[in-house]
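# Fold and geometry: a report
Below are the chains, spelled out letter by letter.
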Amino acid sequence: TLINSQDVVYDDKTSGLGANNVQNAIDKTCSNIDTRLSTIEDKLYTVTSIKGNGSAPGTVDYADTGVTISIPAKSYCSITVSTYYNSACPRGIVMHSGGDYNAENYAGIEVPSCSTRLSLTYTSHYNENAIDLHIYTKFFNAGGANALSYRGFCATKYK
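First things first, this report covers the structure right here in the doc. (Residues numbered from 1 in each chain as written. Predicted model: local features only at pLDDT ≥ 70, side-chain atom pairs only at ≥ 80, totals over all residues. Heavy atoms only, no water.)

All right, on to the overall build of the protein chain then. Counting its secondary structure elements, the protein chain contains 1 helix and 8 strands. Each helix (α) and strand (β) of the protein chain, taken in turn from the N terminus, gives the series α-β-β-β-β-β-β-β-β. Taken over the C-alpha trace, the protein chain has a radius of gyration of 27 Å; the compact-globule value for 159 residues is 15 Å, which it surpasses by more than 25%. In terms of its C-alpha atoms, the protein chain occupies a principal-axis envelope of roughly 90 × 25 × 25 Å. Burial status across the protein chain gives 30% buried among its 159 residues. Expressed as a percentage of contacts within the protein chain between residues at least 6 apart in sequence, the contacts between residues at least 24 apart total 78%. Put simply, the protein chain shows about 9,600 Å² of open surface, and 51% of that area lies on carbon and sulfur atoms. Of the charged side chains in the protein chain, 12 are positive and 14 negative; the average position of the first set lies 8 Å away from that of the second. (Helix = DSSP H or I, 4+ residues; strand = E, 2+ residues; numbered from the N terminus. Rg over C-alpha atoms; globule rule 2.2 N^0.38 Å. Buried < 20%, exposed > 50% of the residue type's maximum accessible area, 1.4 Å probe, protein only. Contact = heavy atoms within 4.5 Å. Areas by Shrake-Rupley, 256 points an atom, 1.4 Å probe, with all protein chains shown as cover. Lys, Arg positive; Asp, Glu negative; His and termini not counted. Charge placed at Lys NZ, Arg CZ, Asp CG, Glu CD.)

Okay, structure coming up:
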């Protein structure tokens, strides 16, 4: 024998669903779950690790390292780029978005004396659009390739 769920009485003393039959109780429960999941999804982020290595040309003027770090849309990120003494002392690091290096659209650090390692951290506010960060370095004297690494993470909005 089949009984229609709308014909089965539901006692709503403790649930607060406002239903008086089983079908309405099921429908209201599903609706409540959908509402709660939608609210939670707006607060979820996927965290991804960003890391890599490269080389930095030993030049006394800023030169493109060929390293580009892609920052996903709808995300918060923190990435540290470091260059190391190999054949020349590091003097500066620049991270910027856009094509060729220009002084108006970058974040950078420059030091007055030789060190074995130089690091720069990029921490983004919420980025609505994806961006690419291009890495430029310069050294105190010209020399061969120098080591470069980057490490960090991005938290990207789930929905």
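What follows deals with the side chain of H134. Inspection of the secondary structure puts H134 in strand β7 (residues 131-139). On the basis of relative accessible area, H134 is assigned to the buried category, the value being 18%. Of the polar contacts made by the side chain of H134, one reaches the side chain of T68; its length is 3.3 Å. (Polar contact = N/O pair within 3.5 Å; in protein donor to acceptor, adjacent residues only side chain to side chain.)

Our next topic: unusual backbone geometry. Unusually for a residue other than glycine, K74 sits at a positive phi of about 55°. Structurally, the position occupied by K74 is in the loop between β2 (63-71) and β3 (75-84).

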